[in-house]
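# Descriptive structure summary
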Amino acid sequence: MNALRATGALVILGVALGGCGSGSSKAGSNTTRATATGATQPPATTTRRPTATIPPSREIAPGVVLASSGALTATMRASTHHPHVNRHWPIGFVVTRGGKRVKAEVRYQYLFAGQVVAHRSHYTFMGSFHDIFTWPSSAVGFPLTFRAVINAGGATLNLDYPVQVVG
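Figured I'd write up the structure that's included with this text. This structure is a prediction, so every number in the text was calculated from the model and none was measured.

## Here's the deal with the overall build of the protein
In terms of regular secondary structure, the protein is built from one helix and eleven strands. Going residue by residue from the N terminus, the α and β elements of the protein occur as α-β-β-β-β-β-β-β-β-β-β-β. Considering the protein as a whole, with its 167 residues, one finds that 43% of them fall into the buried category. Considering only contacts within the protein whose residues lie at least 6 apart along the sequence, 60% involve residues at least 24 apart. Total accessible area on the protein is roughly 8500 Å²; 56% of this is exposed by carbon and sulfur atoms.

Structure, rendered in structure tokens:
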């Protein structure tokens, strides 16, 4: 019974997250506002890559996650591991190669128990990108991982950030 309830909750969570991260970046601006409703673009189509070749990320300071491969480094800053439902949750990314900012792409994934339950958004930026995210009420109480998948120059980095949304 608990497995059935958890599966049902994941379906609801996946549907609710369907609109999250759905903003658009205007030319010259690397700031968007992501919300759970009013999506302005469909979810991006993603290419599956073997996760064994993607180096793990690590939290290097409170709210700062880093991943690197060779000279490519990506960092994500988030305000808290316990975002509040329907409140702004700002996130930001910086991607460099050899210390210089580079063109990159970011896609968002949402994981529950290590499994991707939703894919959303696709943004291209030069060096840095900021987004304002709003978590839906259906995410409250679930131990989730917000994953930013960064692609730059043929390399992929995952920035994993555990969250538990509170009411």
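## Considerations on the pairing of strand β4 (residues 72–78)
Counting buried positions over the seven residues of β4 gives five, a clear majority of the element. As paired elements, strand β3 (residues 64–69) and β4 share six bridges and run antiparallel to each other. The residue bridging Ser68 from the neighbouring strand is Thr73, located in β4. Here β3 folds back onto β4, and the loop between the two strands holds two residues, one of which, Gly70, carries a positive phi near 60 degrees. Bridge analysis of β4 against strand β5 (residues 88–97) gives seven bridges, and the strand direction is antiparallel.

## Points about the sheet that holds strand β7 (residues 103–112)
Reading across from one edge, β8-β7-β10-β11 is the order of the four strands in this open sheet, with antiparallel pairing throughout. One side of each edge strand has no neighbouring strand; the edge strands of this open sheet are β8 (115–126) and β11 (155–164). Averaged over all neighbouring strand pairs, the angle between strand axes comes to 20 degrees, with direction disregarded. With nine bridges connecting them, β7 and β8 associate as antiparallel partners. Bridge pairing in β8 places Tyr110 opposite Ala118.

## As for the packing of aromatic side chains
In this structure the tally under the stated criterion is 18 aromatic pairs. On the basis of an interplanar angle of 85 degrees and a centroid distance of 5.9 Å, the ring pair of Tyr110 and Trp135 is categorised as edge-to-face. Of this pair, Tyr110 sits in strand β7 while Trp135 sits in the loop between β9 (128–134) and β10 (143–152), and the two are 25 residues apart along the sequence. The burial state of Tyr110 is the same as that of Trp135; both residues are buried.

Conventions and cut-offs
Residues numbered from 1 in each chain as written. Predicted model: local features only at pLDDT ≥ 70, side-chain atom pairs only at ≥ 80, totals over all residues. Heavy atoms only, no water. Helix = DSSP H or I, 4+ residues; strand = E, 2+ residues; numbered from the N terminus. Buried < 20%, exposed > 50% of the residue type's maximum accessible area, 1.4 Å probe, protein only. Contact = heavy atoms within 4.5 Å. Areas by Shrake-Rupley, 256 points an atom, 1.4 Å probe, with all protein chains shown as cover. Pairing = 2+ DSSP bridges. Axes fitted to C-alpha atoms, helices over the stretch in contact; angles between N-to-C directions. Phe/Tyr/Trp six-rings, centres within 6.5 Å; stacked < 30°, edge-to-face > 60°.

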